[in-house]
Amino acid sequence: MTLQKRVPFRLIRLKNFFLILVKNRLAFAGLILLLLFVFAAAAAPLLTSNYPTEKAGGKLAPPFWVSYIYGNARYSQNAQFGSLTTYTNTSSLGVSVQSTSLGPNDVNVTVRSVAGGTVIVGKTLDYSYSAPPSEMFGTLVVTPSSLSLGSSQPQVAVFFDRIGVREWGPLWNDTLKPGLTSQTTIRSTDPGLAARLGYQSGTDLGQIVFSAKGAYRYFVMINLPPGQFQASFLIKQFSMSLYGNTYGLMGTDFTGADIFSQFVYGTQLSLMVGLIATIIGIGVGLIIGLLAGFLGKMVDEVLMRFTDMMLVIPSLPLLIVLASVLGSSLWNIILILGFLGWMGFARLVRSQVLSLRERPFIEAAKASGAGTSYILARHIFPNIVGLTYVNLALSVPAAIVGEAALSFLGLGDQTAITWGKMLESARESFTGLAWWWIIPPGLGIAMLSLSFILIGYSLDELFNPRLRRRR
Amino acid sequence: MGLRGYLLKRAFNTFILILFVITLNFAIFQLIPGTQGVIANLLQNPRLTDKSIIGRYENQFGLCASYDPATQHCVLATASQRFGKYFVNMLTFNFGVSYQSGHPILDDMIGTGRLYNTLLLLGVSTLFSLLIGIFIGVFVASRRGTAFDTGWVTTSLVTYSLPTFWMGLIFILVFAQDLHWFPPGGVTPFPTGAPLPPFLQQIPTRIAHLFLPALVLTLYFYGGHLLLTRATMLESLSEDYITTARAKGLSNTKVLFKHALKNASLPIVTNAALSFGGLLGGAIITETVFNWDGLGHWIFSAISYKDFPVMQAMFYIIALCVIVANFISDIFLGVIDPRIKYE
């Protein structure tokens, strides 16, 4: 056949192959599952905007949909104050204010004072959850410039305001000096914060302020001393994030990182580890099996005795020992898994080759002068391709579970957030086990393995005539 | 070749395997970053030959070939002598001293009850997984193609692909943390050193502690046995002697267990022995999840402490167990299967 004819022929064969695979219900289910995971891995950056280690919500927050199960009285979600508004002097007539917005959190305020007064810059939020946030985090940077003042200095302070009910503050205050930047970070977990406002030290301020639904304001107040002057203040990074006690599709871990994002990026890593390690293992097994089976004699004896020895040595302890001795970067682990996963396949290939070697068509090829490598590549290999597919599918789960087990034991790559690593952190976090943190990675491992196993078994039934049903 | 020849050949193979494992172990632990440096550093120390100094590193590196009887100073060993010494140490179970506890490794292994705990856990779960796997496998094979068959095959595939550590965590979460039916981990609640309550009173608490880890291992392993039993049973059920047995009017149970299972049992026995290695691997993880103070949990803590002598010893012992299990299954097969002696 010429190449032009061969390609369409192969395509038709591939199509038929898929049709047979799709007809088998279990294989079809496996294929769909696998496609879902491949999609999740490929589209990870589109599916989630958070990085796996980035703080996204409150610490150990369950998924948002628990509020549909248990009622929403106890749950809140993330909330953000809106963009900045400058309020013209509310309390004094001695100031006129001009402001230029530089972004949602940044503003430049220019003040012309006649007799001193107050400038207020704030943001509003319509807080719609009946439960308080689990923590709050805010920042502020104020830089006064072109400040022509005498001895008295302007004061800056930050407040919360449940509009029309009451005010809390100052959360922070400072004296502004020309050219010097004043900045602060406000954390609700800071024990001194509540104490400064007269509450018991250690109380979370968010629990007090956001104890009810309503309209809230968060503002900076600059108190200008009396006198005639001009000044401008650059207010930057004026933000306040409220982290709810539920977050996203799968909740958060004990640092507040998004578990859905860890899960999706973990899919990438697991698929990578499983496929690459298996391809290495299948490659090594194929070479050793072909050589042992076809060359026979001493080569066969030596290779097979070595294979037997490797086969008897328990794999997980060897993995553990090698990973802790050779180091545990992800690539190291892939290589170790690959080079420990070839033995069974090598034996299978050898036994196939042994029976193929005696067939007439091999003798014919030999008689017409074909060399060893030609016979191996063109006559023997095509006859064991089916086996290769089956084993490819069936060995991937072992590699995936192997990597997860190593990570779970703390021997994995400490920088890669794989599914095993997620389970390890969930167990080591000493906060009791959180179901939303444990179920996704384990289910991921199980379902991904299952999809490969389902496909593998159906391929096996397809290629292995002994397993075909009698009709 | 008779039975004796077969056994001799197997024993020889087993011996070669043990040598291979020891060599592999030596090679791996010579590769540890630092080992070569420590040895080179020690060898440069002029006072090294003093018995008080070298004694500390004696077991670990085997630096001393012999002691000079007059000065009590040692004659340093060459690399090949070190290997020889290591070899003898391994064969005589002289593993040296644990970095963590400072005690001889064999004492830490047996004297602390770790070996007993592991054997208990593995024994119970092997027994149950074999019983469940074989019984259900036989019934499933006799009803091939029914919903009962597909259901069990799917279930065992699912439990087989569930990672043990995850199953363990889920069980702790549900049965220990939420329902409080079982303790979340540990072997016994009894404080060490205090007098133990009478044996009969210990049994319920011990079973409560054993239940979850044993359940995890059983669930993980019954699937493999079930699928294998089903496959070999399907093969032997299609043989002519089964048709004959049925034609004779034997009851279904008799046909299944006396005729089909007996002939299908050889691969099951081999597989039970071969799966021993996997069982030990599963034990490392399950014991870690449940804080079950056995050999597996010990390996885990050795990893975190970088306690290389313990890891080395444990790897060797596990490999040895697997090799011996294989040897025993070989003997067993040789005795019960007349065809094997004349391979």
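Use the structure listed above.
Residues numbered from 1 in each chain as written. Chains lettered and ligands numbered in written order. Predicted model: local features only at pLDDT ≥ 70, side-chain atom pairs only at ≥ 80, totals over all residues. Heavy atoms only, no water.

Glancing now at the overall build of chain B. Scanning chain B from N- to C-terminus turns up 13 helices and 2 strands. Looking at the 343 residues of chain B, the share that counts as buried comes to 46%. The long-range fraction of contacts in chain B, counting pairs at least 24 apart against all pairs at least 6 apart in sequence, stands at 68%. Total accessible area on chain B stands at roughly 16700 Å², and carbon and sulfur atoms take up 67% of it. (Helix = DSSP H or I, 4+ residues; strand = E, 2+ residues; numbered from the N terminus. Buried < 20%, exposed > 50% of the residue type's maximum accessible area, 1.4 Å probe, protein only. Contact = heavy atoms within 4.5 Å. Areas by Shrake-Rupley, 256 points an atom, 1.4 Å probe, with all protein chains shown as cover.)

In the structure shown here, the tally under the stated rule is 12 salt bridges over all chains. For E301 of chain A, the salt bridge identified is with R305 of chain A, shortest N-O distance 2.8 Å. Of this pair, E301 of chain A and R305 of chain A both sit in helix α8 (residues 297-312), 4 residues apart, which is roughly one turn of that helix. D149 of chain B is the partner of R230 of chain B in a salt bridge, and the nearest nitrogen-oxygen pair spans 2.9 Å. With R230 of chain B in helix α9 (residues 199-237) and D149 of chain B in helix α7 (residues 147-161), the pair connects residues that are 81 residues apart, well separated along the chain. Taken individually, R230 of chain B and D149 of chain B each receive the classification buried, so the pair is uniform in this respect. One network of salt bridges, in which partners are shared, links E301, R305, D308 and R347 of chain A. (Salt bridge = Lys/Arg side-chain N within 4 Å of Asp/Glu carboxyl O.)

Bringing unusual backbone geometry into the picture now. Most of the time, phi is negative for any residue but glycine, and the peptide bond is trans. Residue and element names in this part refer to chain B. Even without glycine at this site, H180 takes up a positive phi of about 60°. Tracing the sequence through the fold places H180 in the loop between α8 (164-178) and α9. A positive phi angle is found at N291, which is not glycine, with a value near 50°. Residue classification places N291 among the partly exposed residues on the basis of a relative accessible area of 41%.

Take the packing of helix α14 (residues 419-428) of chain A against helix α15 (residues 435-463) of chain A next. Residues and elements named next belong to chain A. Running from N to C, α14 and α15 point in directions that differ by 150°, and their axes come no closer than 9 Å. One way to sum up the angle between α14 and α15 is to call them roughly antiparallel. Helix-helix and strand crossings are classified by hand; for α14 and α15 the assignment is left-handed. Between α14 and α15, the residues in contact are W419, M422, L423, S425 and A426 and W437, I438, P441, G442, G444, I445 and L448, respectively. Class assignment for the residues of the contact of α14 with α15 results in 9 nonpolar, 3 polar and no charged. (Axes fitted to C-alpha atoms, helices over the stretch in contact; angles between N-to-C directions. Parallel < 35°, antiparallel > 145°, perpendicular 65-115°, else oblique. Left-handed = near helix turned anticlockwise from the far one by under 90°. Nonpolar A, V, L, I, M, F, W, Y, C, P; charged D, E, K, R; others polar.)

Across the contact, 42 residues belong to chain B and 40 residues belong to chain A. Between chain B and chain A, a total of about 3800 Å² is buried, with carbon and sulfur atoms accounting for 81% of that surface. Contact with chain A buries area across many residues of chain B, yet F165, W166 and L169 of chain B alone supply 16% of it, more than any other trio. Taken together, the connections running from chain B to chain A amount to 0 salt bridges. In this structure, the connection of chain B to chain A is made through 4 residue pairs in polar contact (both at pLDDT 80 or more). Of all the elements in the fold, those that place two or more residues in the side of chain B that touches chain A are α1 (3-30), α7, α8, α9, α11 (252-289), α12 (295-304) and α13 (308-336) of chain B. The class makeup of the residues in the side of chain B that touches chain A is 32 nonpolar, 7 polar and 3 charged. (Buried area = accessible area lost by both parts, 1.4 Å probe. Polar contact = N/O pair within 3.5 Å; in protein donor to acceptor, adjacent residues only side chain to side chain.)

Let us look at the pairing of strand β8 (residues 166-175) of chain A. Residue and element names in this part refer to chain A. Bridge analysis of strand β7 (residues 155-162) against β8 gives 7 bridges, and the strand direction is antiparallel. When the sheet's bridge partners are listed, F160 is paired in β8 with W168. The hairpin formed by β7 and β8 contains 3 residues between the paired strands, and G164 there has a positive phi angle of roughly 85°. (Pairing = 2+ DSSP bridges.)

What follows covers the environment of A398 of chain A. Residue and element names in this part refer to chain A. You can see A398 is positioned in helix α13 (residues 372-408). On the accessibility criterion, A398 (54% relative accessible area) is exposed. For the pair A398 and A277, spaced 121 residues apart in the sequence, the C-alpha separation amounts to 9.7 Å.

Turning our attention to empty space enclosed by the protein. On inspection of all chains with the given rule, the structure shows 2 cavities of 30 Å³ or more. In this structure, the largest cavity occupies an estimated 50 Å³ of space. Lining the largest cavity, in full, are P317, I320 and V321 of chain A together with I284, I299, M311, M314 and F315 of chain B. When contributions to the lining of the largest cavity are tallied by element, the ones reaching two or more residues are α9 (315-326) of chain A together with α13 of chain B. Estimates place the volume of the second largest cavity at around 30 Å³. Along the walls of the second largest cavity sit P183, G185, G186, H209, L212, P213 and F290 of chain B, which together make up its complete lining. (1 Å grid on protein atoms, 1.4 Å probe; cavity = no way out; pocket = protein on both sides within 12 Å on 5 of 7 lines; lining within 4 Å. Points joined across faces, edges and corners; volume = space filled by probe spheres on them.)

A word on the layout of surface pockets. Residue and element names in this part refer to chain A. Of the pockets and cavities examined, the second largest pocket occupies roughly 600 Å³. Around the second largest pocket, the lining comprises 14 residues; the ones closest to its centre are R10, R13, P382, V385 and Y389. Elements with a contribution of two residues or more to the lining of the second largest pocket: α1 (3-23) and α13. For the lining of the second largest pocket, the element with the highest residue contribution is α13, accounting for 7 residues. Residues that form the lining of the second largest pocket fall into these classes: 8 nonpolar, 2 polar and 4 charged.

The subject of this paragraph is the packing of aromatic side chains. Under the definition given, this model contains 33 aromatic pairs over all chains. Through a chain of ring-to-ring contacts, the aromatic side chains of F81, Y127, Y129, F160, F210, Y216, Y218 and F238 of chain A assemble into a single cluster. Stacked on the ring of F219 of chain A, the Lys or Arg R217 of chain A has its end atom at 4.9 Å from the ring centre. Over the aromatic face of F148 of chain B sits the side chain of R143 of chain B, whose NZ or CZ is 5.1 Å from the ring centroid. (Phe/Tyr/Trp six-rings, centres within 6.5 Å; stacked < 30°, edge-to-face > 60°. Lys NZ or Arg CZ within 6 Å of the ring centre and 35° of its normal.)

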